[in-house]
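As a plain string of letters, each chain reads:
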Amino acid sequence: MWAGMLCVIFFFLIISVLTFPNGPFTRPHPVVWRIVFGCSVLYLMGLLFLLFQNYETVRRILVWIDPGLASFHIDMDKEYGVNCSDVTVEKIWNHLDVFALAHFLGWAFKAILIRHLGILWAISVMWEVTEIAFAHLLPNFIECWWDALILDVLVCNGLGIWVGLKICSILEMREYKWVSIRDIESTTGKLKRAMLQFTPGSWTSVRWLDPTCTHMRLVALCQLVIFWQVSELNTFFLKHVYEFPPSHPFVVARLVLIGVIVAPSVRQYYMYVTDPTCSRVGTQCWVYGAIMVTEALLCIRHGAALFERTQALNILLWLLCQSLVSVLCVYGCVLWHRYFETEKKATIRRSVSHLSKFDTDISGNMARRTKSVEELDKKEL
């Protein structure tokens, strides 16, 4: 069975190299991203197959692949986030383990993918809110306040975001301008445009994620933040439902696969949201969306006993916070670009103009001095 499955995977990837479309990247080679696309399709097909099996069958398949999983079970009795008032240097240092390093590297990679400081910080803060909202389902989401705010948000997330953006700057990667600055300046004009959005402009096809419309760009960024949180949640729910150790090769392999799939997916989504000439979302982005939804359905179907304890109020508040923080993030970025970036450009423009004028004055003075010297020479002659 192993030989047969590996043979199918090998020849499917060969076919993907020959027939699948190129991704948005050309480095290191388009063939690499065709293989990534082929791996994403294979992973999606595997998820769809598992979706139609019961939990016992899926569990037996996983144990057949790795017999060591038969003896591992999630420890539901373990207490998390206890003795939070007892804060010592030794206790904080003990939390800086290999998972903290993985946390830091993960955020550095996310910064390289998204390349926007405001959106990265919004996702970082919202993930802590996500952990609070789903802590009644996943006990390992229960953390002390200093662990969530200091170690996670400031240390791991903050340093990871800074390092990732620094790598983008050093490698001179393309900067993503997610926020759209429109020509509508007045509040009345924006309200009028928003009201007109609910009336038919013409009987033609309409793109809901219109890159020329500010509020549609806002919807696109809200979708990005929420989908990112769902994808992160899938990692923890899959590990919990199917009872994987945190460092199991299945968990690591899935994270690596999702990481390489997300890179072209984010670029295709960004091109669709920001480029008016892009008429549809790329195929890799569609496949990743299907993978994200299928993983969530697998967790819900095979973790029915877990999700029976879901508190609907927590989920509604979570969605509300996600949308609110997304709106505040976009609005804050718009204000930043409008006032600070514009002022910076104006200052640079004035400096360049002043230097040009200064050069002109110097040239004129030098010309006048040269002319005076020439006249004195003529008089002496």
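Keep in mind that this is a model prediction, so the values were computed, not measured. (Residues numbered from 1 in each chain as written. Predicted model: local features only at pLDDT ≥ 70, side-chain atom pairs only at ≥ 80, totals over all residues. Heavy atoms only, no water.)

Draft legend 1. Focus on the overall build of the chain. Within the chain, the regular secondary structure consists of 13 helices and zero strands. The secondary structure elements of the chain, listed N-terminal to C-terminal, are α-α-α-α-α-α-α-α-α-α-α-α-α. The burial tally for the chain puts 36% of its 381 residues in the buried class. Summarising the internal contacts of the chain: among those between residues at least 6 apart in sequence, 77% fall at separations of at least 24. Counting every atom, the chain has about 23400 Å² of accessible surface; 69% of that belongs to carbon and sulfur. (Helix = DSSP H or I, 4+ residues; strand = E, 2+ residues; numbered from the N terminus. Buried < 20%, exposed > 50% of the residue type's maximum accessible area, 1.4 Å probe, protein only. Contact = heavy atoms within 4.5 Å. Areas by Shrake-Rupley, 256 points an atom, 1.4 Å probe, with all protein chains shown as cover.)

Draft legend 2. Spatial organisation of the packing of aromatic side chains. In total, this model carries 13 aromatic pairs according to the counting rule given. Aromatic side chains F20 and F37 sit 5.0 Å apart centroid to centroid with 50 degrees between the ring planes, which places their arrangement in the tilted category. On the criterion of sequence distance, the pair formed by F20 in the loop between α1 (2–19) and α2 (30–51) and F37 in helix α2 is long-range, its members being 17 residues apart. Judged by centre distance (5.5 Å) and plane angle (85 degrees), the ring pair of F244 and F250 falls under edge-to-face. Under the relative-accessibility criterion, F244 is labelled buried at 10%. (Phe/Tyr/Trp six-rings, centres within 6.5 Å; stacked < 30°, edge-to-face > 60°.)

Draft legend 3. Geometry of the nonpolar core. In terms of nonpolar packing, the biggest core is built from 65 residues, with F134, W228, F237, Y242 and I291 touching the most fellow members. Elements that contribute at least two residues to this core include exactly α2, α3 (55–65), α5 (98–114), α6 (117–133), α9 (214–241), α10 (249–274), α11 (283–302) and α13 (312–380). The dominant element in this core, judged by the number of residues it contributes, is α10, at eleven residues. In this structure Y242 touches Y55, V58, R59, L62, L298 and H302, once residues within four positions along its chain are discounted. (Core = buried A, V, L, I, M, F, W, Y, C linked by side-chain atoms within 4.5 Å.)

Draft legend 4. Region of the structure containing the packing of α6 against helix α7 (residues 145–170). Between α6 and α7, whose axes approach to 11 Å, the crossing angle comes to 155 degrees. With respect to α7, the axis of α6 lies roughly antiparallel. Once α6 is placed against α7, the crossing between them reads as right-handed. Each of L117, L120, W121, S124, E128 and E131 in α6 lies in contact with α7, whose residues at this interface are A148, D152, V153, N157, G158, I161 and L165. Here the contact of α6 with α7 is built from residues that sort into seven nonpolar, three polar and three charged. (Axes fitted to C-alpha atoms, helices over the stretch in contact; angles between N-to-C directions. Parallel < 35°, antiparallel > 145°, perpendicular 65-115°, else oblique. Left-handed = near helix turned anticlockwise from the far one by under 90°. Nonpolar A, V, L, I, M, F, W, Y, C, P; charged D, E, K, R; others polar.)

Draft legend 5. Molecular detail of the confidence of the model for the chain. Mean pLDDT over the chain: 78, with 74% of residues reaching 70 or higher. In this model residues 197–206 is a low-confidence stretch, pLDDT under 50, and it forms two contacts with partners more than four residues away in sequence or in other chains. (pLDDT = per-residue confidence, 0-100.)

Draft legend 6. How the structure looks around unusual backbone geometry. Although it is not a glycine, R115 sits at a positive phi angle of roughly 60 degrees. Its location among the elements puts R115 in the loop between α5 and α6. Since its relative accessible area comes to 13%, R115 is described here as buried. Positioned with a positive phi, E243 is a non-glycine residue whose angle comes to about 55 degrees. Along the chain, the position of E243 falls in the loop between α9 and α10. For E243, a relative accessible area of 15% puts it in the buried group.

Draft legend 7. The side chain of K239, seen in detail. Summarising the element assignment, K239 is placed in helix α9. It is E131 that comes nearest to the buried, bridge-free K239 among opposite-charge side chains, at 9.7 Å. Apart from residues lying up to four places away in sequence, K239 is in contact with I74, N140, F244, P245, P246 and V251. (Lys, Arg positive; Asp, Glu negative; His and termini not counted. Salt bridge = Lys/Arg side-chain N within 4 Å of Asp/Glu carboxyl O.)

Draft legend 8. Layout of the UniProt feature "signal peptide" (unreviewed entry) in the chain. When the UniProt feature table is mapped onto this chain numbering, "signal peptide" (unreviewed entry) sits at residues 1–19. Secondary structure content for residues 1–19 is 95% helix and 0% strand, and the end C-alpha separation is 27 Å. (UniProt positions renumbered as here; feature names shortened; annotations may be inferred.)

Draft legend 9. Looking closely at the packing of α1 against α2. Packing of α1 against α2 leaves a shortest axis separation of 8 Å and a crossing angle of 130 degrees. Here α1 lies oblique to α2, going by the angle between them. Considering how the two elements wind past one another, α1 and α2 form a crossing that is right-handed. Along its contact with α1, which presents I9, F12, L13, S16 and V17, the element α2 presents V31, R34, I35, G38, C39, V41 and L42. Looking at side-chain class alone, the contact of α1 with α2 contains nine nonpolar, two polar and one charged residues.

Draft legend 10. Looking closely at the state of the cysteines. For the structure shown, the criterion picks out zero disulfides. In this structure C285 is not part of a disulfide, and its nearest cysteine sulfur, from C278, lies 10.0 Å away. Accessibility expressed as a relative area gives 14% for C285, which makes it buried. (Disulfide = S-S within 2.5 Å.)

Draft legend 11. Region of interest: the pattern of salt bridges. Taken as a whole and judged by the stated rule, the model has three salt bridges. Two residues, K110 and E232, come together in a salt bridge whose shortest N-O distance is 2.4 Å. A residue pair is termed long-range when its members are at least 10 positions apart, and K110 in helix α5 and E232 in helix α9 qualify at 122 residues. With respect to class, K110 is no different from E232; both count as buried. The residue R254 makes a salt bridge to E295 at a minimum N-O spacing of 2.9 Å. One end of the pair, R254, is in helix α10; the other, E295, is in helix α11, and 41 residues separate them in sequence.

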